[in-house]
Amino acid sequence: MKWKEKKSVKRDELARLFQKLSRDIAGGVIEYSGRSVALPEDMEVEVEYKEKHGKNKFEIELKWKKKARGTMSPSATLSEAPHPVVKVASIEELSPWKVIRFEYPSGGDEAVLISLPNGELRAYSLVCPHKGKYVTWNASSRKLYCSAHKAFFNPEDGEKIEGPGRERLTRIRLEVRGGEVFAVGIA
Ligand code: FES
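Below you will find a few notes about this structure. Along every chain, residues carry numbers that run from 1 in the direction the sequence is written. Local features in a predicted model are, by the rule used here, given only for residues with pLDDT of at least 70; side-chain atom pairs are given and counted only at 80 or more, and totals for whole chains, interfaces and linings are based on all residues. Hydrogens and waters are ignored; side-chain quantities use all the structure's heavy atoms.

Here's the deal with the packing of aromatic side chains
The line we're drawing: Centres within 6.5 Å are what make two rings of Phe, Tyr or Trp a pair, Trp counting through its six-membered ring; a difference in plane orientation under 30 degrees is then read as stacked, over 60 as edge-to-face, and the rest as tilted. Segments assigned H or I by DSSP are reported as helices when at least four residues long, segments assigned E as strands when at least two residues long, and all are numbered from the N terminus. Only protein chains enter the accessibility calculation, which uses a 1.4 Å probe; a residue whose area is less than 20% of its type maximum is buried, one above 50% is exposed, and one in between is partly exposed.
With the rule as written, the count across this model stands at two aromatic pairs. Ring centres of W97 and W137 lie 5.9 Å apart, and the angle between their planes is 25°; on these two criteria the pair is classed as stacked. Of this pair, W97 sits in the loop between strand 7 (86–90) and strand 8 (99–103) while W137 sits in strand 11 (residues 136–138), placing them 40 residues apart in sequence. Exposure remark for W97: the relative accessible area of 23% places this residue in the partly exposed category. Owing to a relative accessible area of 22%, W137 belongs among the partly exposed residues under this scheme.

See below:
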């Protein structure tokens, strides 16, 4: 399924759609690429919805003109799939340094849940931020390891300890509900 729509909307109207994507624009400001962008009351949007390989993807392009000088303000394209809620484990099966593989946000997207000795839980995508190879759990060092270029990542925060590149692993948000652990989004 695929559809595309272009229309002029009020910010309040658009805020409802953005709430579904876990973003709040009702205050008139959106965080985009690490900066705050002020939104006007009225704007033109182009919304595109695609469904491919079982993945849903929304693309929303916002455009507006700055009235003051008649120049175009920055346009923002947000590309985001609503995050699914996926059960990862039961609390009872967790113990210090227990590691459970799962797939998130879609089937085939490899991820890992790590139960830290202090009882806290962490989850990360296993895609290496350096060149996209797969990271694995290295039981002897108790770190995540990418054999492609010998990089180690800290299981507590996903930061790179050693190896090329500076980016950390993508963290997956977890929630415990009724004794079960769920993946609920990308941090
Ligand atoms: S791809 Fe993982 S360290 Fe290079």
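Points about the sheet that holds strand 16 (residues 180–186)
Hydrogen bonds between backbone atoms are what pair the strands of a sheet, whose relative direction is either parallel or antiparallel. Short version of the rule: A pair of strands counts as paired when DSSP detects no fewer than two bridges linking them. For helices, the axis comes from a line fit to the C-alpha atoms of the stretch in contact; other axes are also lines fit to C-alpha atoms, and the angle between any two N-to-C directions lies between 0 and 180 degrees.
With antiparallel pairing, the three strands of this open sheet are ordered in space as 7-16-15. Among the strands making up the open sheet, the edge pair consists of strand 7 and strand 15 (172–177). Sheet twist, expressed as the average angle between the axes of neighbouring strands with direction ignored, equals 35°. Summarising the sheet, strand 7 and strand 16 pair through four bridges and their orientation is antiparallel.

Observations concerning the pairing of strand 9 (residues 110–115)
Judged by how many residues are buried, strand 9 sits mostly within the fold: five of six residues are covered. With five bridges joining them, strand 8 and strand 9 adopt antiparallel strand pairing. Bridged to E103 within strand 9 is E110. Bridge count between strand 9 and strand 10 (residues 121–125): five bridges; the pairing is antiparallel. Paired with L113 across the two strands is A123, which belongs to strand 10. The loop that links strand 9 with its antiparallel partner strand 10 comprises five residues; one of these, G119, has a positive phi angle of about 95°.

Side note on the pattern of salt bridges
As a working rule, side chains carrying opposite charge can pair if their charged atoms are close by. Convention followed: For this document, the term salt bridge refers to a Lys or Arg side-chain nitrogen within 4 Å of an Asp or Glu carboxyl oxygen.
Going through the model one piece at a time under the given rule, you end up with five salt bridges. As a salt-bridge pair, R122 and E120 come within 2.7 Å of each other at their nearest N and O atoms. With a shortest N-O distance of 2.9 Å, R177 and E175 are connected by a salt bridge. When its relative accessible area of 33% is taken as the criterion, E175 is described as partly exposed.

Describing the side chain of S115
We apply this condition: Between two residues, a contact is recorded if the distance between any of their heavy atoms is within 4.5 Å.
With respect to the helices and strands, S115 occurs in strand 9. Residue S115 is classed as buried on the basis of its relative accessible area of 5%. Setting aside its immediate chain neighbours within four residues, S115 contacts L94, S95, P96, W97, K98, E120 and L121.

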